[in-house]
Amino acid sequence: MDGTVDGFRYGAVTPVAAYLMACLGGALGLRCIVRSLLDTRSRSAGWLALGAASIGCGIWTMHFIAMIGFHVEETRVRYDAATTVLSLVVAVAVVGVGVFLVGHRGTSGATLAIAGTVTGLGVAGMHYLGMAALRLDGDVGYDPVGVAVSVLIAIGAATAALWSAVTVRGFLASLGASLVMGVAVSGMHYTGMAAVSVHVHDTTGGTWAGESPLSLLLPMLAGPVVFLLLAGVVVMFDPLLVLGERSCAPRPGRAADSVAPRRPSEREPVAPTRGR
């Protein structure tokens, strides 16, 4: 029989919390990528990696906070721990591919299209890999149209995020971009969830393996959340990000220091000395 699926068991609590985590990850990721571009002398690869990890952790955390509210009335819902962890690795890895592509090659049309498509497909893959971690007394099905729409939203959101990462400057602009990213990622998730249907088996008292949502997801979410908080501390106390792009420009009082020395042929002629 068809199961009664409810994605909002705890009301607005899980969607709002999930959206905020997606925004937090996006904001930190954007600021880290901006930091990698502010000073070419710095180790930009480290900042790009931190940005990719922040965005990937934000997306993954958003997904599984939202999944805490997922409930099927006729059966218990559990999760496979290994598949859940694998989905986190996929999220960080695919975002890293896109971030490093645009970070080193810029936002030309071809680069942005490739990076956005790869990252978007990876984010969608993370979502459905996380859904594959579900363990319940039934079969999970998907509406193909809903799946296709969610994948297109993921590609569009990833492309916009990567473009913003190397184009948007300033704290307020990055904050606005992260809020839009949060809407896009949440929209992708709930569009995919709207395509879900569950056919519950007629048997009762199933002994399927797996951990309950709260006992598995809450401790597992602690790691990415702590990471995002630590990344936030790093971003907040980085002097170059605090001062902004103007700190990279030469100071007015030291403009003469940046003038290149004249070549010998360009120097002023020395007045000849008179003989005694």
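Residues numbered from 1 in each chain as written. Predicted model: local features only at pLDDT ≥ 70, side-chain atom pairs only at ≥ 80, totals over all residues. Heavy atoms only, no water.

Student: Where do I start with the nonpolar core in this structure?
Tutor: General note: in soluble globular proteins, nonpolar side chains tend to be found buried as a group. Core analysis: the largest hydrophobic core is formed by 58 residues, its most contacted members being Met67 and Val95. The biggest single contributor to this core is helix α2 (residues 44-68), with 14 residues. For Val95, the contacting residues outside a window of four places in its chain are Ala52, Ile55, Gly56, Ile59, Thr119 and Val123. (Core = buried A, V, L, I, M, F, W, Y, C linked by side-chain atoms within 4.5 Å. Buried < 20%, exposed > 50% of the residue type's maximum accessible area, 1.4 Å probe, protein only. Helix = DSSP H or I, 4+ residues; strand = E, 2+ residues; numbered from the N terminus. Contact = heavy atoms within 4.5 Å.)

Student: I keep staring at the packing of helix α1 (residues 13-38) against helix α5 (residues 144-167) and nothing clicks. Help me out?
Tutor: The relative placement of two packed helices comes down to the angle between their axes together with the axis-to-axis distance. Close contact between α1 and α5 brings their axes to 8 Å; oriented N to C, the two are set at 40°. Here α5 runs oblique to α1, going by the angle between their axes. Considering how the two elements wind past one another, α1 and α5 form a crossing that is right-handed. Between α1 and α5, the contacting residues are Leu30, Ile33, Val34 and Leu37 on the first element and Ala161, Ser164, Ala165 and Val166 on the second. Broken down by class, the residue content of the contact of α1 with α5 amounts to seven nonpolar, one polar and no charged. (Axes fitted to C-alpha atoms, helices over the stretch in contact; angles between N-to-C directions. Parallel < 35°, antiparallel > 145°, perpendicular 65-115°, else oblique. Left-handed = near helix turned anticlockwise from the far one by under 90°. Nonpolar A, V, L, I, M, F, W, Y, C, P; charged D, E, K, R; others polar.)

Student: I would appreciate a short explanation of empty space enclosed by the protein in the present structure.
Tutor: Over the atoms rolls a probe the size of a water molecule, and in doing so it shows where empty space is left. Per the stated rule, a full pass over the model turns up one cavity of 30 Å³ or more. The volume enclosed by the largest cavity comes to roughly 160 Å³. What lines the largest cavity is a set of 15 residues, among which Ile55, Ile59, Ala157, Ala158 and Ala161 lie closest to the centre. Elements represented by at least two residues in the lining of the largest cavity include exactly α2, α4 (109-132), α5 and α6 (171-194). Broken down by element, the lining of the largest cavity gets its largest block of residues, six residues, from α5. Each residue belonging to the lining of the largest cavity can be placed in one class, and the counts come to 14 nonpolar, one polar and no charged. (1 Å grid on protein atoms, 1.4 Å probe; cavity = no way out; pocket = protein on both sides within 12 Å on 5 of 7 lines; lining within 4 Å. Points joined across faces, edges and corners; volume = space filled by probe spheres on them.)

Student: I would appreciate a short explanation of the confidence of the model for the chain in the present structure.
Tutor: Caution applies to low-pLDDT parts of the model: their predicted coordinates are not meant to be read in detail. Within the chain, residue pLDDT values average 78, and 78% of them lie at 70 or more. Note on residues 245-268: pLDDT is under 50 here. Beyond four places in sequence and across chains, it has eight contacts. (pLDDT = per-residue confidence, 0-100.)

Student: What am I meant to see in the side chain of Thr61 here?
Tutor: Summarising the element assignment, Thr61 is placed in helix α2. Judged by relative accessible area, Thr61 falls into the buried class, the value being 0%. Reaching out from Thr61, the side chain makes a polar contact with the backbone oxygen of Cys57 at a distance of 2.6 Å. (Polar contact = N/O pair within 3.5 Å; in protein donor to acceptor, adjacent residues only side chain to side chain.)

Student: Got a minute to help me understand the packing of aromatic side chains in this structure?
Tutor: Any pair of aromatic rings gets described here by the distance separating the centres and the angle formed by the planes. The tally for this structure, following the rule as stated, stands at four aromatic pairs. Their ring planes at 15° and their centres at 5.3 Å tell us that Phe8 and Tyr190 sit as a pair that is stacked. With Phe8 in the loop between β1 (5-6) and α1 and Tyr190 in helix α6, the pair connects residues that are 182 residues apart, well separated along the chain. When the centroid spacing of 4.9 Å and the interplanar angle of 50° are considered together, the rings of Trp60 and Phe64 count as tilted. (Phe/Tyr/Trp six-rings, centres within 6.5 Å; stacked < 30°, edge-to-face > 60°.)

Student: Help me understand α5 in this model?
Tutor: Between its first and last C-alpha atoms α5 spans 35 Å; for 24 residues at 1.5 Å apiece the expected length is 34 Å, and the two agree. Three or more residues of α5 are buried, namely Gly146, Ser150, Val151, Ala154, Ile155, Ala157, Ala158, Ala161, Leu162, Ser164, Ala165 and Val166. Contact partners of the buried residues in α5: α1, α3 (81-105), α4 and α6. (Expected span 1.5 Å × (residues − 1).)

Student: Looking at this model, I keep getting lost on the pairing of strand β6 (residues 196-200). Mind explaining?
Tutor: Moving residue by residue along a regular strand, the side chains alternate between the two faces of the sheet. Of the two faces of β6, only the one carrying Val196, Val198 and Val200 is buried; Ser197 and His199 on the other face are not. Pairing between strand β5 (residues 138-142) and β6: five bridges, direction antiparallel. Each bridged residue has a counterpart across the sheet, and for Tyr142 the counterpart in β6 is Val196. (Pairing = 2+ DSSP bridges.)

Student: How should a nonpolar patch on the surface be read in this particular structure?
Tutor: Taken together, Phe171, Leu172, Leu175 and Leu179 make up a surface patch of nonpolar side chains, about 410 Å² in accessible area. Its location among the elements puts Leu175 in helix α6. On the basis of relative accessibility, which here comes to 34%, the residue Leu175 falls in the partly exposed class. (Patch = residues over 30% accessible without salt bridge, like charges linked within 9 Å, V, L, I, M, F, W, Y side chains within 5 Å. Areas by Shrake-Rupley, 256 points an atom, 1.4 Å probe, with all protein chains shown as cover. Salt bridge = Lys/Arg side-chain N within 4 Å of Asp/Glu carboxyl O.)

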